[in-house]
Each structure stands twice: as C-alpha cells, then as structure tokens.
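Listed here are the chains, written in short residue letters.
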Amino acid sequence: MIELDDEQATARRWFEQLRDLICAEFEAIEREAGSDAKFDYLVWDRTDPDGSPGGGGVRGVMKGSVFEKVGVNVSTVGGNLEGDFAKTIHGAAENPKFFATGISLVAHMANPHVPAVHMNSRFLATTRRWFGGGADLNPPLPRDEDTADFHARLKAACDAHGADYYERYKKWADDYFYIPHRKVHRGVGGIFYDHLEGDFAANFAFTQDVGRAFLDIYPAIVRRRMAESFTPEEITQCNQWRGRYAEFNLVYDRGTLFGLKTGGNVDAILMSLPPVAEWA
C-alpha cells in the first residue's frame, strides 16, 4: 500500500466514513421497501507499470427493489501519470507523480419517478493539492419540488463556507454536465467544484459538508417517490434518458477518463453506466 501523509490519510478516512454512512442509509431504504438487498464489496489493487504498489480501493454495488443499480466506490491511488495526459492534470505538467483519494457514487433507480443521482468528492496531490467534487440530480421525469429541495440543501452547505460558492459551483455544474452533441443538460444540475486549494482545513470542511448535505437530502427524495406508480411508457422514457446519461459518461466525463488513464478498476469506473438503456 502506498504511504500517506497526514492530509492524505485524513481525506481518505472521511471518504471511507462517508461511504459507510451512505451505504447503510441506502440499505435501510431497501429494508423499508421489503427488500433484503445489500451492498456487495470487491477489494481491488492497483499496480504501477514498473510493478510497484499503486494503492487500490473498494467497489461497492447493490441491486435491489428501489435501487436498480447503485455503485459506491472509494479509492486511494498513486504513482506517475503518463505522457500528454499528465499535462491535463492540475500541477502534473511539472512532475507526473500523483496521489488521489476519493468517493464516487451513481444510483440508477427502479422507479422512474425517483431521480438518479451522482455524487463524488476527491483530494488530489501533484505539485499542487486540492479538493474537488459535487453532486447533481438526474431525474428521467423531473419534479420541481425535488429539484428545488436538492438545490436548497446544497446551497445551505455552500453558504456556510462562501457567499459566492453556490452560484459559482451551480454554474460550473450546469456548464460541465452538458451533452454538446445533444444540446441538452444531463439532468437538473447541482454543484461542481475543482482545484479548491490553499487552506486544507477549510476546504476539507466544505467537502465534508457537501457529503453530509447529499446524505441528508437524497434519501429524503427517494423515500418521497419510491412508492409512486408508473407506466410502461414512463419506463421507456427513463431508459431513453439513461442512454443520454451513458453517452455523457463515456464521451465527456473527466472522472471516467482519469480512472481509465491511471489504471483503476474498470468495473468500478464503469459502474456509472445504467443496467438498462435504450436508443430510439
């Protein structure tokens, strides 16, 4: 296993703790629905091209009656970035050595009235050190109440740390989670931030509050919608929307590219893909 300094170890512990809290809450929702579904965990290790240890992670996946497919991954990896890819990573052009630890979550729901969701947060170190992450809601059948509540909770987390955080990071999410070839947004947005560097304690506290905000609001939305009835036509609409979600993640998502370029676990990286999708 790679050696960690105090900041790296602190960030890793939080991401693993957040994983445990989220998975416990999602399993509780399944039990409320009468399902005994649980997360299946797979430990994986990464090896650098020179054969040295490069860290690893844990892939967690659950398939239940409410969560058709949800993945919650944590990883802590390090090594050297290769070639031109290093030039695309903040602070790596000067030195290709990198460290990354983080959590990544994507949930695709059985009921099309329950919005899919994405959340991740991470701490990276090259010649610079920074936090990044966010959360965004991806409903196949958008509901104004869910969108408003999701944004309000994220805004509260942002407002506690910076008066301009919410507007800045909301716009960043709107710009990032956009499918240019379709000319549509992937969902109804949220927040996205990156390269948050300088004051480790302050930036770590913000990252923690974003995670807590997600844990507070998303399960509430799931419980609000999971028992609603739906039609075959709505399932078709959901599956066609999922096709666009898959297009974004395979063509534009930076996290997918980073995982593949740094030798991550392919099954963990591609757990973001929906279990069923359609292209009309």
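Source: prediction; values computed, not measured. (Residues numbered from 1 in each chain as written. Predicted model: local features only at pLDDT ≥ 70, side-chain atom pairs only at ≥ 80, totals over all residues. Heavy atoms only, no water.)

**Description of the side chain of Asp-136**
Inference 1: The residue Asp-136 is located in strand 6 (residues 129-138) in this model.
Inference 2: At 2.7 Å, the side chain of Asp-136 forms a polar contact with the side chain of His-118.
Inference 3: Side-chain polar atoms of Asp-136 contact the side chain of Asn-138, separated by 3.0 Å.
Inference 4: If sequence neighbours within four positions are ignored, Asp-136 has contacts with Val-117, His-118, Phe-150, Phe-177, Arg-186, Gly-189 and Gly-190. (Helix = DSSP H or I, 4+ residues; strand = E, 2+ residues; numbered from the N terminus. Polar contact = N/O pair within 3.5 Å; in protein donor to acceptor, adjacent residues only side chain to side chain. Contact = heavy atoms within 4.5 Å.)

**So, helix 5 (residues 232-251)**
Inference 1: Here helix 5 contains 20 residues, and its C-alpha end-to-end distance of 29 Å stays within 8% of the 28 Å for a straight helix at 1.5 Å per residue.
Inference 2: Of all the positions in helix 5, only Cys-238, Asn-239, Trp-241, Arg-242, Gly-243, Tyr-245, Ala-246, Glu-247, Phe-248 and Asn-249 are classed as buried. (Expected span 1.5 Å × (residues − 1). Buried < 20%, exposed > 50% of the residue type's maximum accessible area, 1.4 Å probe, protein only.)

**Some remarks on the pairing of strand 9 (residues 189-196)**
Inference 1: Here strand 9 lies mainly inside the structure; 7 of its 8 residues are buried.
Inference 2: Pairing geometry for strand 6 and strand 9, over 6 bridges, is antiparallel. In the sheet register, Gly-133 faces strand 9, and the bridge partner there is Tyr-193. (Pairing = 2+ DSSP bridges.)

**Here we look at the nonpolar core**
Inference 1: Counting residues in each nonpolar core, the largest one holds 50 residues, and the members touching the most others are Ile-22, Phe-26, Phe-67, Phe-214 and Tyr-218.
Inference 2: Ranked by residue count, the leading element in this core is helix 4 (residues 200-225), at 10 residues.
Inference 3: Ignoring any residue separated from it by four or fewer positions in sequence, one finds Ile-22 in contact with Val-72, Ile-103, Leu-105, Met-119, Phe-214 and Leu-215. (Core = buried A, V, L, I, M, F, W, Y, C linked by side-chain atoms within 4.5 Å.)

**Structural notes on the side chain of Asn-203**
Inference 1: Among the structural elements, Asn-203 can be located in helix 4.
Inference 2: Residue Asn-203 is classed as buried on the basis of its relative accessible area of 6%.
Inference 3: A distance of 3.4 Å separates the side chain of Asn-203 from the backbone oxygen of Leu-196, its partner in a polar contact.
Inference 4: Residues contacting Asn-203, with those up to four places away along its chain left out, are Phe-131, Leu-196, Glu-197 and Gly-198.

**Here we look at the packing of aromatic side chains**
Inference 1: Within this structure, the stated rule accounts for 24 aromatic pairs.
Inference 2: For the ring pair Tyr-176 and Phe-192, a centre distance of 4.6 Å and an interplane angle of 10° mean the geometry is stacked. Remark: Phe-192 occurs in strand 9 and Tyr-176 occurs in helix 3 (residues 165-176); sequence separation between them is 16 residues.
Inference 3: Taken together, the aromatic side chains of Trp-172, Tyr-176, Phe-177, Phe-192, Phe-248 and Tyr-252 make up a single cluster linked through ring pairs. (Phe/Tyr/Trp six-rings, centres within 6.5 Å; stacked < 30°, edge-to-face > 60°.)

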